[in-house]
Amino acid sequence: MSTIGASNDISLAVVFPLPFQILALVGLEILGWSTNLHGLDVAGIDVNSSLELRTGTATSLPAHLPASRQSSSLVALYNSIYRIFVIYSSICFAFWLAWRYTTKGEVGLVDVFGYIPAMASLTIICILFYPHNTLHKTERRKFLYAVRRCLFSSWDSAVYFSDVILADIITSFAQVVGDVWLSLCMLIPGNSMLRPQSGVGMSEWILPTVMSLPYLVRLRQCVIEYSHEGNRRSLYNALKYASAFPAIYLSALQRLVSGDGGSHIKSSVKTEYWENFIFWLWLLAALVNSLYSFWWDVTNDWGLDILRLPSNDERIAHLPYAPARRPFLSRPHSATPLVSNSLDLQESEEPSRSFAEVANHKRYYHPFGLRHSLYFPLLVYPLLIFLNLILRLTWSMKLFRVVNVSSHADITNFCLKVAELFRRWMWVFIRIEWEMIRKGREGHMKLRTDDEAMDEYEYEMVAPANPERQ
């Protein structure tokens, strides 16, 4: 690292040390989640049914309740999260002001008052586990239950979609989780808050292992889903999270062999990263993880067609498409078929056409690469696809910066962490939208199957005509 770069890192550590950076990123995610719920509600998406949110202490909100009842419970939820953000940011800001007042911007006072960021973090943790019925105990308890399900649920328990969203958000905090470990190392006597230390010898492998834990949690969920449903899609999804491990550990190994680390297995001569074979292995692993994750986001998490391989039926059809329209159902429910009025109108006008034919016809009449049901403005989708690709690639570059522990606290890395939270914030909108659409389609097909079974049952229950009377 150059002298100028080291000086900038020290200046940032004086003004905004790593523990406060962690608290700020958590606060941004709290605000982001509340705006996610708020925006989805404004867009007319049934968040309660999609996320399987529990609005009471023991039971979930029935899907057949009126839309106003479900919307009011969601409004109360994200308003509570807004208030939690205000309380959280006020506490963190007060401790940061105390830090700035006591250190006065002097490098020599940073370690003297290093207990202030520690006290801020401890205060937040104590409030999170505060047992009395105040400070939004319901939301705090539900969050802790969700974290416990993600981490310690049994192999025979169900994986809720809300837990999947939570675990995916935590994967965006992979390096932040590593920053927590580095912040704890700062408190060890002899270490300094001006420059993070991850340890020496084999302890240098603790940091990449800690950063891998969020991906391990999500990988475990995919394996549980496969054990319950036997769907190979869950295995392919698990492969996406497993592909992050080589990128993380190869980046850590890169630091050792290049001569930047303090391990006994490092090279005796410092070399540039691109001068050894491990760098190219890491580059391959990072590209595979980024591109595969990007493809999965667009095709499976968002349900868009731009990267989907066409089926045999789709290859022979080249029909024009009409501009995407928001579904006419202002607030669909999981118990209500997600079918627009325009589709119902076509069925009534053409009674001889089957539902499969009408659905197949409508499938081609949507903007290229997207889908027919779009709840957000049309231009949002190509913009999010482009930003998701760019930020996916920068996320892998950020994971590579684990090779230089001191870079965890620099301003560039902090901006990259904010960019990843922004990417995840955008991802949540389309992910929950697609989940609602998918559940609506499955509910519609199940309803049709039940109706057909009932018709067949009623037909079989009709008594045969008496041939003697004919």
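Residues numbered from 1 in each chain as written. Predicted model: local features only at pLDDT ≥ 70, side-chain atom pairs only at ≥ 80, totals over all residues. Heavy atoms only, no water.

Undergrad: What's the story with the overall build of the chain in this structure? I'm lost.
TA: The helix and strand inventory of the chain stands at 17 helices and zero strands. Counting every position in the chain, which comprises 470 residues, the buried fraction comes to 45%. A total of about 24200 Å² of accessible surface is found on the chain, and carbon and sulfur atoms cover 66% of it. (Helix = DSSP H or I, 4+ residues; strand = E, 2+ residues; numbered from the N terminus. Buried < 20%, exposed > 50% of the residue type's maximum accessible area, 1.4 Å probe, protein only. Areas by Shrake-Rupley, 256 points an atom, 1.4 Å probe, with all protein chains shown as cover.)

Undergrad: Explanation requested: the packing of helix α6 (residues 137-152) against helix α9 (residues 206-229) in the structure shown.
TA: Two packed helices can be described by the angle between their axes and the distance between those axes. Orientation of α6 relative to α9, taken along the N-to-C sense of each, is 75°, at an axis distance of 8 Å. Taken together, the axes of α6 and α9 are roughly perpendicular relative to one another. In this structure, α6 uses R149, C150, L151 and F152 to contact α9, whose residues at the interface are V217, R220 and Q221. Of the residues contributing to the contact of α6 with α9, the split by class is four nonpolar, one polar and two charged. (Axes fitted to C-alpha atoms, helices over the stretch in contact; angles between N-to-C directions. Parallel < 35°, antiparallel > 145°, perpendicular 65-115°, else oblique. Contact = heavy atoms within 4.5 Å. Nonpolar A, V, L, I, M, F, W, Y, C, P; charged D, E, K, R; others polar.)

Undergrad: Quick question: what am I supposed to make of the side chain of R218 here?
TA: When you line up the elements, R218 lands in helix α9. Overall, the relative accessible area of 3% leaves R218 in the buried class. Leave out the neighbours within four places in its chain, and R218 touches V164, A167, D168, T171, N237 and Y241.

Undergrad: How should I be thinking about the confidence of the model for the chain in this particular structure?
TA: Close inspection of predicted coordinates is inappropriate in any region flagged by low pLDDT. Of the residues in the chain, 68% reach a pLDDT of 70 or more, and the chain-wide mean stands at 77. Predicted confidence for residues 451-470 stays below pLDDT 50, and this span has one contact to residues more than four positions away or in other chains. (pLDDT = per-residue confidence, 0-100.)

Undergrad: Can you help me understand the nonpolar core in this one?
TA: What tends to happen in soluble globular proteins is that the nonpolar side chains get buried as a cluster. If you look at the biggest cluster of nonpolar residues, it comprises 63 residues, and the most contacted ones within it are I45, L51, W302, F376 and I432. Per-element tally for this core: the top contributor is helix α17 (residues 411-461), with 11 residues. With 10 residues, the next largest nonpolar core counts L219, C222, A238 and Y241 among its residues. (Core = buried A, V, L, I, M, F, W, Y, C linked by side-chain atoms within 4.5 Å.)

Undergrad: Help me understand the packing of helix α2 (residues 18-42) against helix α8 (residues 174-186) in this model?
TA: Where α2 meets α8, the axes come as close as 9 Å, and the angle between the chain directions of the two elements is 150°. Classed by the angle they form, the pair α2 and α8 counts as roughly antiparallel. At the point where α2 passes α8, the crossing takes the left-handed sense. Of α8, the residues touching α2 (which contributes L18, P19, I22 and L25) are V176, D179, V180, L182, S183 and M186. The class makeup of the residues in the contact of α2 with α8 is eight nonpolar, one polar and one charged. (Left-handed = near helix turned anticlockwise from the far one by under 90°.)

Undergrad: What is the right way to look at helix α11 (residues 244-257) in this model?
TA: Two residues of an α-helix separated by three or four positions point the same way, owing to the 3.6 residues in each turn. Compared with the 20 Å implied by 1.5 Å per residue over 14 residues, the 20 Å span of α11 between its first and last C-alpha is a close match. Looking at α11, one finds that the buried residues are A244, F245, A247, I248, L250, S251, A252, Q254, R255 and L256. (Expected span 1.5 Å × (residues − 1).)

Undergrad: Help me out: how do you make sense of the side chain of N237 in this one?
TA: Positionally, N237 belongs in helix α10 (residues 232-242). For N237, a relative accessible area of 5% puts it in the buried group. A polar side-chain atom of N237 sits 3.3 Å from a polar atom in the side chain of W296. Aside from chain neighbours lying at most four places away, what touches N237 is R218, C222 and W296. (Polar contact = N/O pair within 3.5 Å; in protein donor to acceptor, adjacent residues only side chain to side chain.)

Undergrad: I tried to follow the environment of G39 on my own but got confused; where do I start?
TA: Mapped onto the elements, G39 comes out in helix α2. When the C-alpha positions of G39 and F429 are compared, they lie 7.9 Å apart, and in sequence the two are 390 residues distant.

Undergrad: Looking at this structure, I do not really get the environment of C185. What am I missing?
TA: Within the secondary structure, C185 sits in helix α8. We classify C185 as buried; its relative accessible area is 6%. Sequence separation between C185 and P196 is 11 residues, and the spatial gap between their C-alpha atoms is 7.4 Å.

Undergrad: Looking at this structure, how should I read unusual backbone geometry?
TA: What you tend to see is this: most non-glycine residues have negative phi, and most peptide bonds are trans. In the Ramachandran plot, K104 falls in the positive-phi region, its phi being about 55° despite a non-glycine side chain. With phi around 55°, L135 is a residue other than glycine that occupies positive phi space. Mapped onto the fold, L135 is located in the loop between α5 (115-128) and α6. Overall, L135 belongs to the partly exposed group, its relative accessible area being 35%.

Undergrad: In this structure, what is going on with a nonpolar patch on the surface? I would like to understand it.
TA: Taken together, the side chains of W295, I306, L307 and F368 present a nonpolar region at the surface, about 400 Å² in accessible area. The residue W295 is located in helix α12 (residues 277-301) in this model. Exposure remark for W295: the relative accessible area of 32% places this residue in the partly exposed category. (Patch = residues over 30% accessible without salt bridge, like charges linked within 9 Å, V, L, I, M, F, W, Y side chains within 5 Å. Salt bridge = Lys/Arg side-chain N within 4 Å of Asp/Glu carboxyl O.)

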